[in-house]
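Letter by letter, the chains look like this.
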Amino acid sequence: MKKTHDYKVFKCFSRKFKIGGVEPPPYVKLIFAKYSGGGAHIETAQLRRFLAEVQGEEGSTVADAERIVEEVAGRRQNRGELTDHHLPSLTLDDFFDFLLSDDLNQAIKTQVHHDMTAPLPHYFIYTGHNSYLTGNQLSSDCSDVPIIKALQAGVRVIELDIWPNSTKDDIQVIHGRTLTTPVTLIRCLRSIREYAFVASPYPLIITLEDHLTPDLQDKVAEMISVTFGDMLYYPQSGCLEKFPSPESLKHRIIISTKAPKEEVESKSVKGKEKSSQKEGDEDEDEDEDEGVSPREEVCDLLAELEDEETDNEDDENSSSSSDGRAGQSETHPDYKLLITIQAGKPKGGLKSALSIGSNRIRRLSLSEQALEKAAASHGPDLVRFTQKNVLRIYPKGTRVNSSNYKPMLGWMHGAQMVAFNMQGHGKSLWLMQGMFRCNGGCGYIKKPQFLMMKGPHREVFDPNRTLPVKTTLKVGVHMGDGWSSDFSPRHFDSYSPPDFYLKLHVVGVPADDTKKKTRIIDDNWFPVWDESFVFSLTVPELALLRIEVREHDRSEKDDFGGQTCLPVSEIRPGIRSVPLFDKKGEKYKSVRLLMQFEFL
């Protein structure tokens, strides 16, 4: 029986709208009629044929169909609903329930299915930036809570800024030279140990921004060794010649930071490099954001933050020569031994950094602005560098509200660690979350083969070159459901039910970037669109389909009704259930779309 809800108009009148249950849209009824042979039930053999012909599940069996039928019937019984048929078969309502079940009828693959035996640089890795911050970059608390949340979401790279405490006898994690409040390093390490592998068994990398004296570095080495024990991986030789694979490093923790050096010399070299960076046109972190803020003191602070990030991604050259040891009066062997992935940049600018000797592997970090500059002038060099080494991209220092940048540019150039503020929100973070739904959400995505290939003359993929269309994705938008369960009757509109429409955006290489949207369905909690859209893709391996539901508002900004982002390479053909998420990336309990996907 359909319920009604009164919406007040001008305080004097009310409008009644029926709010009933969701019903199968016309297209679903046609599909049911076709595969039931015009009958009232779909038998298991007919369901298996539907799975093979419409859903593209050619390997499905009658036993698979029987399991679906039994699961749907069991759920109806658990809800106290009576079934009017004998097993094994589905009524129209049962069939519709199956199509809307995002656990039985997923839109993307849910298992790890990539080859996990290649070296680490062959993978995109789910990477956090300043993972300990609860909010903005200037005044929020530092805590292990956001670290735990990131690990529970499948993040595989955690960043910690480590500083001496006020008495110089212990280590704290804090965003230096800001008003953020610290948390002890040992607390963060213990939380990491507990939650490191709750979402993924593949290796966890901890990147350290090290601001410590030699004695405190030794203390960190002891903390890490004792806390992680056998979970900790580091090369016994002290120098990696080739990165291991994610498969070989399951349930292991890896440390990445710059090589330690004597504190006095470290300060001296940093001072010289700061000066040379400001005078010259080197590569990494020129502060391009001075003058953005109207307050001079804020500008100074932001510039200092940019420089600070540069300092801590500092170089090996200041302490290295042909044998890698010149200029170091103290090597801190215990601490240095724990560093599996060394970070830094040699002198000579970006071109030199990207053409380091083939016998050394390392991690190079660039700010988002430096990446844009490098992509414009050294695109193929970036791709070539990332075939053997690790490239990390981090947000510019002016993102004090913990916003994020567009990640696709980094992925197009093979950057493994596109570091994001996971405590932020917004469309860029939705893309990041969508990308790492790939490969079962394990936090490691095998890079497309074209990013790892070299031609006979060392030529590599050129991200700036437009390629021919490789495939075409047809997207059908059938209907939506769940808003009446997850939202109050007047959440979207005080005077009538919501007016929903859908926005579709393919994000990828520039040639693939395309936007579409459906028509508006007025006054309906259960909108049926039944519209189709076609997207031509030149690089489908990197493409993401971003989906956002909006509620049309004639007098104000349109309201948000849910979002998701699907990696095109993972999309399963057929009629699929697509669950939606809120602005923070939390999954709604009931809100979902019924969509159809076909590769032409």
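Residues numbered from 1 in each chain as written. Predicted model: local features only at pLDDT ≥ 70, side-chain atom pairs only at ≥ 80, totals over all residues. Heavy atoms only, no water.

Draft legend 1. Broad picture of the nonpolar core. One finds Leu160, Ile162 and Ile192 to be the most contacted residues of the largest nonpolar core, which totals 74 residues. Residue contacts for Ile192: discarding those within four places in its chain leaves Ile147, Leu151, Ile158, Leu160, Leu204, Ile206, Phe228 and Ile253. (Core = buried A, V, L, I, M, F, W, Y, C linked by side-chain atoms within 4.5 Å. Buried < 20%, exposed > 50% of the residue type's maximum accessible area, 1.4 Å probe, protein only. Contact = heavy atoms within 4.5 Å.)

Draft legend 2. Molecular detail of the packing of helix H2 (residues 44-53) against helix H4 (residues 92-100). Contact geometry of H2 with H4 gives a least axis separation of 14 Å together with a crossing angle of 35 degrees. Here H2 runs over H4; the crossing is right-handed. Two secondary-structure elements touch here, H2 through Leu47, Phe50 and Leu51 and H4 through Phe95, Phe98 and Leu99. When its residues are assigned to classes, the contact of H2 with H4 shows six nonpolar, no polar and no charged. (Axes fitted to C-alpha atoms, helices over the stretch in contact; angles between N-to-C directions. Helix = DSSP H or I, 4+ residues; strand = E, 2+ residues; numbered from the N terminus. Left-handed = near helix turned anticlockwise from the far one by under 90°. Nonpolar A, V, L, I, M, F, W, Y, C, P; charged D, E, K, R; others polar.)

Draft legend 3. Representation of the packing of helix H1 (residues 26-36) against H4 in the model. The contact between H1 and H4 brings their axes to 10 Å, and the two run at 115 degrees. Handedness of the H1/H4 crossing: right-handed. Counting all contacts with H1, which are made through Val28, Lys29, Ile31 and Phe32, the residues of H4 involved are Leu92, Phe95, Phe96 and Leu99. Here the residues of the contact of H1 with H4 sort into seven nonpolar, no polar and one charged.

Draft legend 4. Expanded view of the pairing of strand E9 (residues 204-210). With respect to burial, E9 is a largely interior element, seven of its seven residues being buried. Neither face of E9 is left uncovered, since the one carrying Leu204, Ile206, Leu208 and Asp210 and the one carrying Ile205, Thr207 and Glu209 both have all their residues buried. Of the pairings in the sheet, the one linking strand E6 (residues 157-164) to E9 comprises six bridges and is parallel in character. Across the sheet, Ile162 pairs through a bridge with Asp210, a residue of E9. The pairing of E9 with strand E10 (residues 253-258) spans four bridges and is classified as parallel. Counted as the bridge partner of Thr207 is Ser256 from E10. (Pairing = 2+ DSSP bridges.)

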